[in-house]
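# Results of the structural survey
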Amino acid sequence: MEKHEELLRIKHLKKYFPTPNGLLYAVDDVNFSISKGETLGVVGESGCGKSTLGRCILRLIEPTDGEVIYQGENIVGCSKEKMKELRKELQIIFQDPYESLNPRMTVSQAIQAPLIIQKIYKASDRVGLEKKTHEMMDLVGLARRVANSYPHELDGGRRQRIGIARALALNPKFIVCDEPVSALDVSIQAQVLNLLNELKHDLDLTYIFVAHDLSVVEYISDRVGVMYLGNFVEVGEKEKIYSNPMHPYTQALLSAVPVPDPTAKRERILLEGSIPSAHKPPTGCKFHTRCPKCMECCKTQAPERYEVDDGHYVYCHLYDKERREQQK
Ligand code: ADP
């Protein structure tokens, strides 16, 4: 596998939901790319648009505007037939497998359903389907004896393994993992995260890993994008983001994560106010209403993207040297 070969590029992606109170700006001009074999963590507080972003990329919901370029081709606007074909390659693992699994389907039926829908196997091919089901169950660490169990008979970790097996059954290349361990006990989270990592390496997968838990994102990601009110505010290699956060929002988020070393000091940055409504996001930099370093220009002008280090980007006027000089 060639390193840094681009698999996916997101350009100016937007999703505005029409609601009785007007448009809700869930995803508002997001841009980034992902290389083959990479895990991009997307982190941010609840409601900042992470799930909507993941679903728009897979076209499970239609973006309002923008491009999703997968292997060089913009898949926004491509035909239903083409999308059905692409669905095999572009998969999702949901947060709550209990909700995403049909309670009346057994484990084997749940794993077989996408294979039959995508016409990989005929429903009548019992032998082929059973063989494939066992293969998938072995792959995700589900004991074959639970093949005829129903989701409610299994614990959260096993249910999530069914969700993973379903996503993998069609041999995907790219998976959106949408808070896949958030609903699990902490002890089981690590097992599922390790499984996802192993599968990524063994099957040459590429992930977007959406989560609000900064420690989980740190563990699983190669690069991390931090979202606030529908925008990326910072993106870069995990090590750079966690050791040297540059955006005041990232700094505040990370300051709230407990550090394992009790002698290490990290000052907690408390943000004032709550997240503004996505119906009426603040002008300029959307974070300016809560930013401890807000300058005049932040109130009216949206920041551009500044590269502060190799591949480490921040959307913040603080890193515009010229403007900083002017503000003095
Ligand atoms: P996150 O995954 O970061 O918690 P979401 O993507 O779920 O955030 O939601 C982003 C915003 O979009 C929230 O304000 C949410 O209420 C809104 N939203 C999500 N789905 C819909 C929908 N189908 N209709 C209207 N608003 C929605």
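For clarity, every value in this text was computed on a predicted model and none was experimentally measured.

## Notes on the site of the ligand
Residues in close proximity to the ligand include F17, L24, A26, E45, S46, G47, C48, G49, K50, S51 and T52, which together make up its full environment. Measuring from an oxygen atom of the ligand, one finds a backbone N or O atom of C48 at 3.1 Å. Contact distances for the ligand include 2.9 Å between an oxygen atom and a backbone N or O atom of S51. In the complex, the protein chains occlude 62% of the 560 Å² of accessible area that the ligand would expose alone. Considering every element that reaches the shell around the ligand, the biggest residue donor is helix α1 (residues 50–57), with three residues. Within the shell around the ligand, the residues separate by chemical class into four nonpolar, five polar and two charged.

## Some thoughts on the packing of aromatic side chains
Tallied over the full model, the rule gives five aromatic pairs. Between Y228 and F287, the ring centres sit 5.0 Å apart and the planes meet at 80 degrees, which makes this aromatic pair edge-to-face. You can see Y228 sitting in strand β9 (residues 223–228) and its partner F287 sitting in the loop between α10 (248–255) and β11 (306–309), a full 59 residues away along the chain. Owing to a relative accessible area of 1%, Y228 belongs among the buried residues under this scheme. Taking relative accessible area as the criterion, F287 reaches 1% and is therefore assigned buried. Through successive ring pairs, a cluster of aromatic residues spans Y228, Y249 and F287. In this structure, R305 packs its charged tip against the face of Y313, placed 3.7 Å from the ring centre.

## Regarding the packing of helix α6 (residues 156–168) against helix α7 (residues 186–203)
Where α6 contacts α7, the axes come no closer than 10 Å and their chain directions differ by 20 degrees. Judged on the interaxial angle alone, α7 and α6 are roughly parallel. For α6 against α7, the interelement crossing comes out right-handed. From α6, G157, Q160, R161, I164 and L168 reach across to α7, where they touch I188, Q191, V192, L195, L196, L199 and L203. Split by residue class, the contact of α6 with α7 holds eight nonpolar, three polar and one charged.

## Here we look at the pairing of strand β2 (residues 22–35)
In the case of a regular strand, side chains alternate between the two sheet surfaces. Where strand β1 (residues 6–19) meets β2, eleven bridges bridge the pair, whose relative direction is antiparallel. Bridged to K15 within β2 is V27. The antiparallel hairpin formed by β1 and β2 contains two residues in its connecting segment.

## Some remarks on the sheet that holds strand β6 (residues 90–93)
Reading across from one edge, β6-β7-β8-β3-β9-β10-β12-β11 is the order of the eight strands in this open sheet, with mixed pairing throughout. Strand pairing shows two members of the sheet lacking a second neighbour, β6 and β11, which therefore form its edges. Looking at each pair of strands side by side, their axes are set apart by 20 degrees on average, direction ignored. Relative to β9, strand β3 (residues 39–43) runs parallel, the two being bridged by four bridges. Note that in β9 the partner of G41 across the bridge is V224. Sheet strands touched by α10: β9 and β10 (231–237). Its angle to β9, the strand with the most contacts, is close to 105 degrees.

## Re α1
In terms of burial, α1 is largely enclosed, as six of its eight residues are buried. Of the residues making up α1, those classed as buried are K50, T52, L53, G54, C56 and I57. With its phi angle positive at about 55 degrees, R59 sits one or two positions after the end of α1.

## A look at the sheet that holds strand β5 (residues 73–74)
Reading across the sheet, the four strands line up as β2-β1-β4-β5 and stay open at both edges, with antiparallel pairing between neighbours. Each of the sheet's edge strands pairs with one partner strand only, and the pair in question is β2 and β5. α1 rests against β1, β2 and β4 (65–70) of the sheet, and its axis sits at about 120 degrees to β1.

## A few points about the pattern of salt bridges
All chains considered together, the criterion is met by 16 salt bridges. The salt bridge partner of E89 is K173, with a shortest N-O separation of 3.9 Å. Separated by 84 residues along the polypeptide, E89 in the loop between α2 (80–87) and β6 and K173 in the loop between α6 and β7 (174–178) bring together distant segments of the chain. For E89, a relative accessible area of 23% corresponds to the partly exposed category. The class for K173 is partly exposed, based on a relative accessible area of 34%. The partner of R158 in a salt bridge is D155, with the nearest N and O atoms 2.8 Å apart. By relative accessible area, D155 is classed as partly exposed at 36%.

## So, the environment of E6
Position of E6 among the secondary structure elements: in strand β1. Linking E6 and Q71, residues 65 residues apart in sequence, is a C-alpha distance of 7.3 Å. Not counting the four nearest positions on each side in its chain, E6 is found in contact with S33, I34 and S35. In this structure the side chain of E6 is engaged in a polar contact, spanning 2.8 Å, whose partner is the side chain of R9.

Criteria and cut-off values
Residues numbered from 1 in each chain as written. Predicted model: local features only at pLDDT ≥ 70, side-chain atom pairs only at ≥ 80, totals over all residues. Heavy atoms only, no water. Near = heavy atom within 4 Å. Polar contact = N/O pair within 3.5 Å; in protein donor to acceptor, adjacent residues only side chain to side chain. Areas by Shrake-Rupley, 256 points an atom, 1.4 Å probe, with all protein chains shown as cover. Helix = DSSP H or I, 4+ residues; strand = E, 2+ residues; numbered from the N terminus. Nonpolar A, V, L, I, M, F, W, Y, C, P; charged D, E, K, R; others polar. Phe/Tyr/Trp six-rings, centres within 6.5 Å; stacked < 30°, edge-to-face > 60°. Buried < 20%, exposed > 50% of the residue type's maximum accessible area, 1.4 Å probe, protein only. Lys NZ or Arg CZ within 6 Å of the ring centre and 35° of its normal. Axes fitted to C-alpha atoms, helices over the stretch in contact; angles between N-to-C directions. Parallel < 35°, antiparallel > 145°, perpendicular 65-115°, else oblique. Left-handed = near helix turned anticlockwise from the far one by under 90°. Contact = heavy atoms within 4.5 Å. Pairing = 2+ DSSP bridges. Salt bridge = Lys/Arg side-chain N within 4 Å of Asp/Glu carboxyl O.

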